[in-house]
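Chain and residue survey
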Amino acid sequence: MDALTRVRSIPLFAVAALALGGFAIGASEFTGMGLVSNLAQALLPTLYESEPARALAATAWVTTAYATGVVVGAPAIASLTARLPVRRVLIALLAMFVLGSVLSATSTTLPMLVGARFLAGLPHGAYFGLAVLAARRLLGEARRGLGAAAVIGGLTISNIVGIPVVTGLGQRFGWASAYIVISGLFAVALALVFVFVPALPADPRATVRSEIRALRRPQVWLALGMGAVGFGGLFAVYSFISPLSREITGLAPNLLPFLLATVGVGMTTGNFAGGWAADRSVRRTSYAALGLLSVGLICLALTARWPVGLFASAFLIGAGAAALGPTIQTRLMDVAHEGQTLVAALNHSAFNVANGLGAALGGIVIASGMGLLAPTWVGIVLTAGGAVLAATSFSIDRSHRRRGRVLPYGTGRISTIPA
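Only a predicted model underlies this, so the values are computations on that prediction, with no experimental measurement involved.

**Some remarks on the nonpolar core**
Within the largest apolar cluster, 103 residues are counted, with the highest numbers of intra-cluster contacts made by L18, Y127, V193 and Y238. Residue contacts for V193: discarding those within four places in its chain leaves A17, L18, R87, L90, I91, L94 and Y127.

Listed below in structure tokens is the structure:
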């Protein structure tokens, strides 16, 4: 056995390499939100000078474009590559991220940046979906929730370290420098995935038809809906956290990276706690995550004018939202049966529907003159909608269990009976 083969035989190294890809994705996805004011000033200077609210709302399309790329790319790429070798696909996806980040950094107008962010979003869902399934195979079925949390943990840890640092660089050296650094992160992740991830064969039975067949299950759509609607509560606020902290709280710009890091600490805590808890009860963890997100949003609406309230609310919002990630991923593993690759990717499409929906609705209420706190109330409504979808899904479970049709979810056993 040569040295490279021995390295690839250690699952934790491979999972860490996959998580680094998630770290870079986190920096790519969220940095634009922290730089929204910088983007508006640099790319729409005339509009920002006369109507800053409209300029900020227009710049939110950078976030929406990335989210749209995820939604479009995840199902297409996942279904078409389901029968290809896993490591080869992961490397190709990371190469796409490098290209999209370079194009973002070299954009000179807002439409160019919007287009580049759309391209950068295309591999997002497929990467996370495939990386989570790879981690599941490396760590074992009993730790499927923890495997999902480990990969997604790269994204949440990025909120502590990557995003604040890259945002600070963007503020100091210009927003384009942030995307140059992000392209470098993706290049490093690509190299480490090449070195550490073993050759995991694809499922030879997987076809586009078999992957799509999972979408006939109502429970799959309800689980995706929980993410698409409920997670929007985070993005309605996070998309405008920079101007909110400055205009409502009066926070100095040099303290913004610390606020973003606070969100990141909350997200990392919530992600790993959610992964641990989801392996024990998906239902209870879903309700707890949505409840914590709601509490954080309500606290923000009531206390954002004080720095202590802003930071405490940011932590709670991050924790509640991130706990949904591995929880919904685990739920989808339980209800999808076949079509695991497509459904795992669609989970991130759902979260980016939330990304685009939250940013768009938040931009609309700001542009209408309702103020920078208005997106917080939008987020509360979206989170409540996610809770309604969760209650509907789990009530169907109870109905099926009463008729003896399905095993309890979240017990580590995968039912073979359609739900």
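**Considering the packing of aromatic side chains**
With the rule as written, the count across this model stands at seven aromatic pairs. Ring geometry for W175 and Y179: centres 6.2 Å apart, planes at 75°, overall edge-to-face. With W175 and Y179 both in helix α12 (residues 175-196), this residue pair falls four residues apart, about one helical turn. Y179 sits in the buried class, given a relative accessible area of 1%. Counting every residue linked through ring pairs, the aromatic cluster contains F97, Y127, F128 and F186.

**Digging into a positive patch on the surface**
A cluster of basic residues, R283, R284, R398 and R401, forms a positive patch on the protein surface. Secondary structure elements with two or more residues in the positive patch: α18 (282-303) and α21 (374-402). Mapped onto the secondary structure, R398 falls in helix α21.

**Considering helix α17 (residues 256-278)**
In a regular helix each residue adds 1.5 Å, so 23 residues correspond to 33 Å; α17 covers 32 Å between its end C-alpha atoms and thus fits that length. In terms of burial, α17 is largely enclosed, as 17 of its 23 residues are buried.

**Here we look at the pattern of salt bridges**
As enumerated under the stated definition, the model contains two salt bridges in all. Of the charged contacts, one joins R54 and E51 as a salt bridge, the two residues approaching to 3.0 Å between their closest N and O atoms. Accessibility expressed as a relative area gives 46% for R54, which makes it partly exposed. Between R246 and E247 there is a salt bridge whose closest N-O contact spans 3.2 Å. For E247, a relative accessible area of 51% gives the class exposed.

**Details of the side chain of S101**
With respect to the secondary-structure elements, S101 resides in helix α7 (residues 86-105). On the accessibility criterion, S101 (1% relative accessible area) is buried. The contact partners of S101, leaving out residues within four places of it in the chain, are Y179, I182, S183 and F186.

**Notes on the packing of helix α11 (residues 162-173) against α17**
Where α11 meets α17, the axes come as close as 8 Å, and the angle between the chain directions of the two elements is 160°. On the basis of the axis angle, α11 is roughly antiparallel to α17. α17 is crossed by α11, and the crossing has right-handed handedness. Packed against α11, whose contacting residues are I163, P164, T167, G168 and Q171, the element α17 presents L256, P257, L260 and A261 at the interface. Residues belonging to the contact of α11 with α17 are distributed by class as follows: six nonpolar, three polar and no charged.

About the cut-offs
Here, residues in each chain are numbered from 1, in the same order as that chain's written sequence. Whole-chain, interface and lining totals are the exception, using all residues; otherwise, since this is a predicted model, local features are given only for residues with pLDDT of at least 70 and side-chain atom pairs are given and counted only at 80 or more. Each side-chain value is worked out from all heavy atoms of the structure, with water and hydrogens disregarded. Among buried residues, the Ala, Val, Leu, Ile, Met, Phe, Trp, Tyr and Cys ones that are joined through side-chain atoms within 4.5 Å form a nonpolar core. A simple rule labels every residue: compare its accessible area, found with a 1.4 Å probe on the protein chains alone, to the largest value its type can have, and call it buried under 20%, exposed over 50%, or partly exposed in between. Here, residues are in contact when the closest pair of their heavy atoms is within 4.5 Å. Side-chain rings of Phe, Tyr and Trp (the six-membered ring for Trp) are treated as a pair once their centres are within 6.5 Å; stacked means planes under 30 degrees apart, edge-to-face means over 60, and tilted covers the remaining angles. Counting from the N terminus, the helices are DSSP H or I runs at least four residues long and the strands are E runs at least two residues long. Two joining distances apply to patches: 9 Å for like charges and 5 Å for nonpolar side chains (Val, Leu, Ile, Met, Phe, Trp, Tyr), and every residue must have over 30% relative accessible area and no salt bridge. Each accessible area value is a Shrake-Rupley result obtained with a 1.4 Å probe; residue values ignore everything except the protein chains displayed when judging cover. Any carboxyl oxygen of Asp or Glu within 4 Å of a side-chain nitrogen of Lys or Arg constitutes a salt bridge here. Only four residue types enter the tally: Lys and Arg on the positive side, Asp and Glu on the negative side; His and the chain ends are excluded. Note that the charge is assigned to NZ on lysines, CZ on arginines, CG on aspartates and CD on glutamates. Take the number of residues in a helix, subtract one, and multiply by 1.5 Å to get its expected span. The axes are straight lines fitted to the C-alpha atoms, using for helices just the contacting stretch, and the angles between their N-to-C directions are given from 0 to 180°. For classification, angles of less than 35 degrees are called roughly parallel, those exceeding 145 degrees roughly antiparallel, those between 65 and 115 degrees roughly perpendicular, and all remaining angles oblique. Crossing handedness is defined as follows: a turn of the near helix away from the far one that is anticlockwise and smaller than a right angle gives a left-handed crossing, while the clockwise case is right-handed. Ten residues, namely Ala, Val, Leu, Ile, Met, Phe, Trp, Tyr, Cys and Pro, are considered nonpolar, four, namely Asp, Glu, Lys and Arg, are considered charged, and the remaining ones, Gly among them, are considered polar.

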